[in-house]
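# Coordinate inspection notes
Here are the chains, one letter per residue:
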Amino acid sequence: MDVRFARTLSQLRHEKGVSQRQAAQDLAVSQALLSHYENGIREPGLAFVVRACDYYRVSADYLLGRQRERGPGWEGTDAQGTDPAVLSSTADLLTQLCLELCRREPDSRPLFHCLAGQLKQALAEEKKPPSQREKGPQGGKGETAP
């Protein structure tokens, strides 16, 4: 494989601001294997290329060095690739839908209020920097640490 792939893979990881260990974990490969990919020692399979494109929000042509444009989805996204404006408007829409369903089905009101609360909590969590987000399952009522 061309040296451009290795260089681009390493560059994208640095731009994303994640360690090689974290990127390897997120991409479901060992750190040693990711290092080999980034240094041009080994060539990845198609499944890894697809995961890397999704992870770094670039096209396969960009990752493989076949084009200079990163592809759709690069501009205006956060570190996880979520456009904050889209996330907020989606949350507003879902909240309005829950309220309308409460109006139409009064017996379902507790369920929809619960869903609206969970949506609000998830949106607040999503707005936090990744290092400040809670780990593990959401809504930890009754859970205890081992």
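Before reading further, recall that the structure is shown in the block above.
Predicted model, so just to flag it, every value in this text is computed and none were measured.

Reading guide: rules and limits
Residues numbered from 1 in each chain as written. Predicted model: local features only at pLDDT ≥ 70, side-chain atom pairs only at ≥ 80, totals over all residues. Heavy atoms only, no water. Helix = DSSP H or I, 4+ residues; strand = E, 2+ residues; numbered from the N terminus. Buried < 20%, exposed > 50% of the residue type's maximum accessible area, 1.4 Å probe, protein only. Contact = heavy atoms within 4.5 Å. Areas by Shrake-Rupley, 256 points an atom, 1.4 Å probe, with all protein chains shown as cover. Core = buried A, V, L, I, M, F, W, Y, C linked by side-chain atoms within 4.5 Å. Arc of directions from axis to C-beta.

### A short note on the overall build of the chain
In terms of regular secondary structure, the chain is built from 7 helices and 0 strands. Taken over 146 residues, the chain has a buried fraction of 27%. Considering only contacts within the chain whose residues lie at least 6 apart along the sequence, 49% involve residues at least 24 apart. Put simply, the chain shows about 10,100 Å² of open surface, and 54% of that area lies on carbon and sulfur atoms.

### Description of the nonpolar core
One broad trend across soluble globular proteins is that nonpolar side chains are buried collectively. Grouped together as the largest cluster of nonpolar side chains are 20 residues, with contacts concentrated most on Leu9, Leu27, Leu34, Phe48, Tyr56 and Leu63. For this core, the elements supplying multiple residues, two or more each, are α1 (3–16), α2 (20–26), α3 (31–38), α4 (46–56) and α5 (60–63). Once residues lying within four places of it in the same chain are set aside, the contact partners of Leu63 are Arg4, Phe5, Thr8, Leu9, Leu12, Val49, Ala52, Cys53 and Val58.

### Focus on α4
Buried within α4 we find Phe48, Val49, Ala52, Cys53, Tyr55 and Tyr56. The buried side chains of α4 occupy one side of the element, clustering within an arc of 165° when seen end-on. Residues of α4 that are exposed and point over 90 degrees away from its buried face: Leu46, Ala47 and Asp54. The elements touched by buried residues of α4 are α1, α2, α3 and α5. Just beyond α4, the residue with positive phi is Arg57, at close to 60°.

Functional significance is not addressed by these values, which are geometric in nature.
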